[in-house]
Amino acid sequence: MSNKMWGGRFETGPDAIMEEINASIGFDQRLYAQDIAGSKAHAAMLAAQGIIGTSDAEKIAAGLDTILSEIEGGGFAFRRELEDIHMNVESRLATLIGSSAGRLHTARSRNDQVATDFRLYVRDTIDTLDTQIADLQQALAEKALAHAGTVMPGFTHLQTAQPVTFGHHLLAYVEMLGRDRGRLKDARARLNECPLGAAALAGTSFPIDRFATASALGFDRPTANSLDSVSDRDFVLETLAAAAICAMHLSRFAEEVVIWTSPLTGLLKLSDRFTTGSSIMPQKRNPDAAELVRAKIGRIAGAFSGLLMVMKGLALAYAKDMQEDKEGAFDALSTLSLMIAATAGMVRDMEPDVAKMKAAAGSGYSTATDLADWLVRVLGLPFREAHHVTGRIVALAAGKSVPLHRLSLAEMQSVEPRITQEVFGVLSVSKSVASRVSYGGTAPKNVRAQAKRWLKKLGKG
């Protein structure tokens, strides 16, 4: 039996394997709210333009509201043989209101319909992600403010470099997430044009008002080229690219949580709420939430790469290949949402071991740069010479297995005779971080100011 929704040209139904590969209702049913919203806007416009009768439009709107209630209430029976969300809704509408339902598809195609639905979905998802990311920024900024003066080691190459504060480190991620929100905002602005009315690919001969439907659906304007309208998936690609970058930032943070909660460092503690145990080793406390956040970027980056490969060879306008645009995107955006929620939970849950952080901050001769700066500032040495002198002093301390501040003045003077007792005032980690007052530096007063600035910007200050 041919599909009654489009089967006039066909005498028999599809092969079972054809139905299997063709159907998308298993995943695109999540577009139901957007599909119904688009159909209601389209029907209202058709009536306003005198293309269909007011009575038909009213029946269509009432029927669509009934379908929305059925789906949200769990009472809607999705049918695989109807392929997708559009045909499922239209078929149910025909059952509910009869022949009036057949007028809904006037002056539109599934091509512009799905493009509109998907834009609405991605736009809604971006708005949700933005709210979530802002919440994560708030959690980080609040923790940063509380630990503006908590000294910890700063790293390059994962080697101790210079002392920083824990608050300063957390604020680095607030900045990253701010850029993530900016990228998503940019993607939203570009996608906010309405394809509805482009029809299959060439527009329509009916006197439709595309500006009316665009406005009704919250778009800034209708799309300007009917071919581009139905063939464009840049809006998905751009959103997935922004999502992948955001996921990368979360993965970096998760890696640090994994390292810092290890007994080998012990810089952070997570409670039972965000750790798990071992089935065989009773002593274990595994940072599984962080490890899963670290891993899930693969799904998001994979979705972006996958869609890029789908689109790279497609001639204009629409091809069924583009049905592959949704499943990966749905999974990727849902995954990012979960990653953000888990990360925010860990940030609010975690507690630094302040004493261990300070002790670690002093290891590895982390105040060597402060010594070099002192030699430049007080003795007037060129920095490259000061760097060389400092390196010799560090080598001397390393040979004696003592930190810099445990060397005697005489030992330092054996390398540079003009060094005075004053130098010991810059060799503590607390004084080191306090001295980094340049804009964007790690001085606690800077960190407090930046944390408060962010909380004010986020509406929490």
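Quick caveat, the model's predicted, so the values are computed rather than measured. (Residues numbered from 1 in each chain as written. Predicted model: local features only at pLDDT ≥ 70, side-chain atom pairs only at ≥ 80, totals over all residues. Heavy atoms only, no water.)

**Q** Help me understand the environment of F383, please; the structure alone is not making it clear to me.
**A** Topologically, F383 is positioned in helix α16 (residues 383–400). Expressed as a C-alpha distance, the spacing of F383 and D373, which sit 10 residues apart in the sequence, is 7.5 Å. Setting aside residues up to four positions removed in sequence, F383 forms contacts with A372, D373 and V376. (Helix = DSSP H or I, 4+ residues; strand = E, 2+ residues; numbered from the N terminus. Contact = heavy atoms within 4.5 Å.)

**Q** So what exactly am I meant to see when it comes to the nonpolar core here?
**A** Across soluble globular proteins, nonpolar side chains have a tendency to be buried as a group. L140, L250 and L336 are the most contacted members of the largest nonpolar core, which has 94 residues in total. No other element matches the 15 residues that helix α10 (residues 234–261) contributes to this core. Setting aside anything within four residues of it in sequence, one finds L250 in contact with L136, L177, V293, L336, M339, I340 and T343. Grouped together as the second largest cluster of nonpolar side chains are 20 residues, L375, L379, V394 and L427 included. (Core = buried A, V, L, I, M, F, W, Y, C linked by side-chain atoms within 4.5 Å. Buried < 20%, exposed > 50% of the residue type's maximum accessible area, 1.4 Å probe, protein only.)

**Q** I'm lost on unusual backbone geometry in this one. Help?
**A** A negative phi angle characterises most non-glycine residues, just as the trans form characterises most peptide bonds. Here the bond from L316 into A317 is cis, since omega is 10°, no more than 30 degrees from zero. With respect to the secondary-structure elements, A317 resides in the loop between α12 (297–311) and α13 (327–349). Here A107, not a glycine, exhibits a phi torsion of approximately 65°, which is positive. Note that A107 resides in the loop between α5 (85–97) and α6 (110–146).

**Q** Hey, could you run me through the packing of α12 against α13 in this one?
**A** Packed helix pairs are characterised by how far apart their axes lie and by the angle those axes make with each other. Axis separation between α12 and α13 bottoms out at 9 Å; the angle between their running directions is 150°. The orientation of α12 with respect to α13, classified from their angle, is roughly antiparallel. For α12 against α13, the interelement crossing comes out left-handed. Of α13, the residues touching α12 (which contributes I297, R299, I300 and A303) are G328, A329, D331, A332, T335, L336 and M339. For the contact of α12 with α13, a count of residues per class yields seven nonpolar, two polar and two charged. (Axes fitted to C-alpha atoms, helices over the stretch in contact; angles between N-to-C directions. Parallel < 35°, antiparallel > 145°, perpendicular 65-115°, else oblique. Left-handed = near helix turned anticlockwise from the far one by under 90°. Nonpolar A, V, L, I, M, F, W, Y, C, P; charged D, E, K, R; others polar.)

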